[in-house]
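If you want the building blocks of each chain, they are given just below.
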Amino acid sequence: MNTASALRAFRALLPALRPEWRGMLRSYLVGTASALALAALTVLTAWAVGHAVVDRTPPGAAWWVLVGGLVLARTVLTWQEMDVSHALAYRVLARLRMALFDAYARSVPGRRREHSGRAAAVAMGDIEKLEFFYAHTVAQLGASITVFLTTLITASVLLPEAGAVMLGGSAVVATTALYWARTARRLGEREQHERSALSERIVDALGALREVLAYRLASRIIAETDTATRRATAITRRRELLAQLVTAVRELVVTAVVVGVIAVSAAAAGVLTDGADARLSPALLPALVALAVAGVAATTEATTTLTQLHPLIASAGRVAAGLNRPPVVTVPRAPRRLPDGPLGLRFRDVSFAYDSRRPTLTAWSAEVAPGEHAGLAGPSGAGKSTVIALAARLWDPSAGTVELVTADGAGFPVSELDDTALRGAVALVDQDATLFHGTVRDNLLRGGRPRPDSDLAAVLARVGATGWIGLDDDLGEDGVRLSGGQKARLCLARALARRPRVLLVDEVTASLDPDTEQAISDVIADFDGTVLIASHRPETLARCDRIIDITAPTGRDREPSVL
Ligand SMILES: Nc1ncnc2c1ncn2[C@@H]1O[C@H](COP(=O)(O)OP(=O)(O)OP(=O)(O)O)[C@@H](O)[C@H]1O
């Protein structure tokens, strides 16, 4: 990644971080003041030593007051720096995560299938690295540059040759570090690649533990993981060796600068000519050396920070890509109000394609009257889940409209409704529905309005979930302790707890035993509202008032008896 794309990546994150500009400025000011105070202390001490040795005069009261003040200021500033940057770090972390989750929420489920492990790594690892960058690194970089410029100007005013030596030394330090950084960056890229591949493999293996055990894949996965870990570790070791080499070069240059400044200062102070042509008091020599060392140290710090930015640039690129994901649905500027009362569904000439090669739906039309229970039938891959997702406005069609219709036939395109109104009216129970971490109560209330426990208990009773689970029971990760049938019941309970007017159901009975299918179908049949249920199962479809054949070109209905 070149400098331009690096800047683009960091700039892309700025809109999300704009509200934090004051915090960043404060962090820079406090960091710079602290670094300048330290540099000033070093130079003042060297100056006092020079005067004590050369002029045989101890530092006066003003010097003690100044040094005392600087020590105090440095102590307060160091504490402040930590305080400011930690507070900023938390805010940056929260802002980036909120912006990323918001972008995901608007674009997931996207039309492309994605690796959830990668998305999680961006949200957790990449943002943590960037938090450090914005809260600490930017301020540090600014402070180092300011200290370098201040010391360079001061040294040049005192003795231009010393300024020139310092500038030369700093240039060598910066060039060598930046030159080696290219190799370090290449190694870093390979290391990052190896580590991401490794973490994806681990996430895959953990997510498919049942298959790993059932197919005896454990030893192969362990061996592959071991090889990948070794590869990543070998690259890390090479990168660290390179870093040590750069450090050694840097120390050599610092020594050369010290010797150079001593030489030019000694010449200017007339040390070699017994004071003839002296332009500088010899007492200033230690102070000049201290200035030069502080300046080169600041350059070192700045270039080291710059050379270590590469992983951050990659992280910024990934987070920026996440933040700039195109939203799958657009937000209406002036949302329409949904009237009270029963609502049905209308699909008018709806076309949709996941990719440009093959359309899933072409000018597809169908209608479900308010209060009607309609089944959606058709062969696998015909687009039933797609129709359900369009009705839930997880995606927008490329052409045509999806509407909620009132009893008098007025249509309200879902794309013209505000999200809260739509989610309040329509609930979806998906074939791969996920239960969240937390208790049953948390899951039933998630996203909905607060409800008394008695209401929630009634919903649990409605789906036949009493007896084996209670509102306070913890579900673990995605209801890992539950059977497929139990999960289906809880997902249905979660939808019903929202008291929707339209219930969308996608293949929830597909893998259930006949008794559970019957129980779930009973609950759906009792639902007092509109239902659109996609299913392959004749038993489930037989409970509907009407069946819509998705393959019929105009959404023509066929009778249940045909199935
Ligand atoms: N996220 C996606 N990205 C790309 N293609 C997809 C995606 N989801 C579905 N498809 C494709 O779109 C078509 C319709 O899929 P859909 O899941 O809607 O069919 P379905 O009738 O519900 O199938 P099934 O009965 O097997 O669940 C299929 O060809 C499928 O491969």
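Everything discussed here concerns the structure shown above.
Residues numbered from 1 in each chain as written. Predicted model: local features only at pLDDT ≥ 70, side-chain atom pairs only at ≥ 80, totals over all residues.

Asks: What exactly am I supposed to notice about unusual backbone geometry here?
Replies: In this model, Arg216 sits at a positive phi of 55°, which is unusual for a non-glycine residue. Position of Arg216 among the secondary structure elements: in the loop between α6 (209-214) and α7 (218-268). A positive phi is found at Glu507, a non-glycine position, where the angle reads about 50°. Classification of Glu507 as buried rests on a count of 21 C-beta atoms within 10 Å. (Helix = DSSP H or I, 4+ residues; strand = E, 2+ residues; numbered from the N terminus. Buried ≥ 20, exposed ≤ 12 C-beta atoms within 10 Å, placed from the backbone.)

Asks: Can you help me understand helix α5 (residues 160-207) in this one?
Replies: Every α-helix winds through 3.6 residues per turn, so residues three or four apart in the chain are directed the same way. A rise of 1.5 Å per residue sets the reference length of α5, with its 48 residues, at 70 Å; its end C-alpha atoms lie 66 Å apart and thus fit the reference within 8%. The sharpest bend along α5 reaches about 30° and sits at Arg182. (Expected span 1.5 Å × (residues − 1). Bend = angle between axes of the 7 residues up to and from the residue.)

Asks: Got a minute to help me understand the sheet that holds strand β2 (residues 361-368) in this structure?
Replies: As a general point, the strands of a sheet are linked pairwise by backbone hydrogen bonds and lie either parallel or antiparallel. Strands sit in the order β2-β1-β4-β5 across an open sheet of 4 strands; the sheet is antiparallel. Looking at which strands have only one partner, the edges of the open sheet turn out to be β2 and β5 (411-413). Ignoring strand direction, the axes of neighbouring strands in this sheet form an average angle of 20°. Where strand β4 (residues 399-406) meets β5, 3 bridges bridge the pair, whose relative direction is antiparallel. Bridge pairing links Glu403 to Pro413 in β5. Along the sheet, helix α10 (residues 384-391) makes contact with β1 (343-352), β2 and β4, crossing β1 at roughly 120°. (Pairing = 2+ DSSP bridges. Axes fitted to C-alpha atoms, helices over the stretch in contact; angles between N-to-C directions. Contact = placed C-beta atoms within 7 Å.)

Asks: What should I look at first to understand the environment of Ser385 in this one?
Replies: In this fold, Ser385 is placed in helix α10. The spatial distance from the C-alpha of Ser385 to the C-alpha of Val505 is 9.1 Å, given a sequence separation of 120 residues. Filtering out sequence-adjacent residues up to four positions away, Ser385 remains in contact with Asp506 and Ala534.

Asks: Whenever I open this one, the nonpolar core confuses me. Can you help?
Replies: Where a protein is soluble and globular, its nonpolar side chains tend to be buried together. If you look at the biggest cluster of nonpolar residues, it comprises 68 residues, and the most contacted ones within it are Leu288 and Ala292. Counting residues per element, the ones that place at least two in this core are α1 (3-17), α2 (21-54), α3 (61-107), α4 (116-158), α5, α7, α8 (285-307) and α9 (310-323). If one sorts the elements of this core by residue count, α8 sits on top with 13 residues. Ignoring any residue separated from it by four or fewer positions in sequence, one finds Leu288 in contact with Ala155, Leu158, Leu159, Ala162, Val261 and Ser265. (Core = buried A, V, L, I, M, F, W, Y, C linked by C-beta atoms within 7 Å.)

Asks: Is there a simple way to explain the site of the ligand in this structure?
Replies: Inspection of the region around the ligand gives 13 residues, with Tyr354, Ser380, Lys384, Ser385 and Thr386 positioned closest. Among the residues forming the shell around the ligand, the class breakdown is 2 nonpolar, 7 polar and 4 charged. (Near = placed C-beta within 6 Å. Nonpolar A, V, L, I, M, F, W, Y, C, P; charged D, E, K, R; others polar.)

Asks: Help me out: how do you make sense of the environment of Arg337 in this one?
Replies: Relative to the helices and strands, Arg337 resides in the loop between α9 and β1. We classify Arg337 as exposed; it has 9 C-beta atoms within 10 Å. Sequence separation between Arg337 and Leu417 is 80 residues; the distance between their C-alpha atoms is 7.0 Å.

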